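As a plain string of letters, each chain reads:
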Amino acid sequence: MSHIYSVTQLGQEIKNLLESRADFRNIFVQGEISNYKQHTSGHHYMTLKDEGGAINAVLFRNDAQRLRFRLANGMKVIARGRISSFPKTGQVQLYIADLMPDGAGALHLAFEQRKEALAREGLFDPAHKKPLPPLPETIALVTSPTGAAVRDMLRILSRRFPLARVQLWGVLVQGDQAAASIARAIAAVNAHGAADVIIVGRGGGSLEDLWCFNEEVVARAIFASRIPVVSAVGHEPDVTISDYAADLRAPTPSGAAELVVPDSAELRLQLDRQMERLSAAMHRRLTGAQRQTERLAASLERYAPMRYAAAQQSRVDALQGRLSQAMHRRMETERRRLLRSAGQLNGLRILDGRRARLGAAAGRLQALSPLAVLSRGFSVVTDDRGNIMTDSTALKTGDLVTLRFASGTAQAEIRSVEQEKEQTCHRR
């Protein structure tokens with residue numbers, strides 16, 4: 001019994017069979033576009049047909065970004081891509097990688113095949129690209145010695161950077177012998193060794209006119225060049241194998257001349273700015289150095305031996321003056337103190353004299369003092385009111401009196417009162 005496939009299995013088997021064929025992985029298909037539609041996602045869907053058949057095709061957004069023309073129904077194209085199927089619908093379709101207008105179909109096919117072969121060899125690898133010199137001294141032009149392209153390049157190079165020397169290596173740029181002529185000139189510029197950069201190119205033209213720049217011999221000569229090469233072929237839409245092999249692609253020959261040299265006016269402006277910054281920096285440096293010198297000179301003057309000695313002498317003189325004034329003040333203070341002391345001594349002498357006179361007076365006063373009399377055995381009688389009794393007639397029997405002795409007092413009561421008889425003294 002034969003194997004029974006599910007629809008899904010069958011669709012997957014068909015897909016696997018189509019993708020297993022090596023010639024279906026990179027196939028060129030010629031046809032006319034119909035049922036064209038550009039989706040909002042950026043993908044392009046179409047049918048490629050001819051008088052005998054049709055196949056669905058899709059060009060995804062990332063690949064469509066490389067297109068240099070607009071697609072339209074009825075346009076004849078050559079598509080490069082891979083054949084596969086979509087299992088859910090069972091449709092076989094072409095997944096387009098590149099798309100080019102058909103008109104020079106054989107040339108386009110040769111271009112793509114040669115580009116793919118040289119790319120596999122690494123001739124277009126960015127790792128091999130050489131940088132352009134920022135200030136080239138000598139520029140080699142490998143182009144036709146006649147025509148608008150060379151005149152435009154010479155004019156722009158002279159205007160932008162007149163310091164650079166220009167070597168013109170005249171070559172054929174069209175016809176069967178053109179590729180070999182270009183390759184020989186590139187090799188000769190390298191052998192000569194005087195150029196810093198090479199511009200290879202020509203003005204615009206048809207695909208056939210520009211075909212010499214798609215030849216393998218030119219691509220290999222550019223890749224082998226030790227001097228950086230700028231490809232400047234045709235106009236912006238024109239792309240050649242030389243553009244891929246060169247170190248830099250210029251959109252036009254005039255654009256190449258602008259790319260390889262700087263603008264001298266801009267350089268002059270930059271130089272002026274640098275000179276201004278340098279002048280300002282030098283001025284700041286000199287000003288700083290001058291200030292530093294002035295500070296050092298001031299320090300040297302301040303600490304110069306003679307100035308230092310003079311300053312120290314002034315300081316000694318000042319100290320001597322202060323010392324003299326201090327000594328004068330001290331001596332004056334001592335003099336005044338001594339005067340005060342002498343005055344106090346004289347006062348003491350006067351006081352001693354006065355003290356002696358006072359002692360004598362006190363002695364006399366003591367001799368006259370009642371207490372001194374009392375100390376000799378006498379007493380003082382006072383009545384109850386403290387009156388001194390000098391006459392017995394002032395007392396009567398029964399009165400209380402106070403007797404004051406030299407030491408202490410005593411109370412007494414009058415028992416009797418007697419009066420002395422008068423005594424008469426007779427003088428002889």
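Up top is the structure these notes are about.
These lines cover the structure that appears in this document, whether it is placed above or below. Computed from a prediction, not measured in an experiment: that's the story for all the values here.

## What to know about the sheet that holds strand β10 (residues 248–249)
And step 1. One open sheet accounts for 5 strands, arranged β7-β6-β8-β9-β10; its pairing is parallel. Looking along the sheet, the strands with just one partner apiece sit at the ends: β7 (165–170) and β10.
And step 2. In the packing of helix α4 (residues 148–160) onto the sheet, contacts are made with β6 (138–143), β7 and β8 (197–202), and the angle to β6 comes to roughly 170°.

## Section: the packing of aromatic side chains
And step 1. Using the criterion set out here, one finds 2 aromatic pairs in the structure.
And step 2. For the ring pair Phe124 and Tyr244, a centre distance of 5.4 Å and an interplane angle of 35° mean the geometry is tilted. One end of the pair, Phe124, is in the loop between α3 (105–121) and β6; the other, Tyr244, is in helix α7 (residues 241–245), with 120 residues separating them in the sequence.
And step 3. Relative accessible area serves as the criterion here: at 14%, Phe124 is assigned to the buried category.
And step 4. The exposure class assigned to Tyr244 is partly exposed, which follows from its relative accessible area of 27%.

## Description of the pairing of β7
And step 1. Bridge count for β6 against β7 is 6 bridges, and the pairing is parallel. Bridge pairing in β7 links Thr143 to Gly170.
And step 2. On the question of chirality, the crossover connecting β6 to the parallel β7 by way of α4 is right-handed.

## A look at the pairing of strand β12 (residues 400–404)
Within a regular strand, side chains alternate between the sheet's two faces.
And step 1. Here strand β11 (residues 380–382) runs beside β12; their pairing, made up of 3 bridges, is antiparallel. Following the sheet pairing, Val381 is matched in β12 by Leu403.
And step 2. Here β12 runs beside strand β13 (residues 409–413); their pairing, made up of 5 bridges, is antiparallel. When the sheet's bridge partners are listed, Arg404 is paired in β13 with Thr409.
And step 3. Following β12, the chain reverses through 4 residues before pairing antiparallel with β13; Gly408 in that reversal takes a positive phi of roughly 95°.

Criteria and cut-off values
Residues numbered from 1 in each chain as written. Predicted model: local features only at pLDDT ≥ 70, side-chain atom pairs only at ≥ 80, totals over all residues. Heavy atoms only, no water. Pairing = 2+ DSSP bridges. Helix = DSSP H or I, 4+ residues; strand = E, 2+ residues; numbered from the N terminus. Contact = heavy atoms within 4.5 Å. Axes fitted to C-alpha atoms, helices over the stretch in contact; angles between N-to-C directions. Phe/Tyr/Trp six-rings, centres within 6.5 Å; stacked < 30°, edge-to-face > 60°. Buried < 20%, exposed > 50% of the residue type's maximum accessible area, 1.4 Å probe, protein only. Right-handed = clockwise from strand over helix to strand, strands pointing away.

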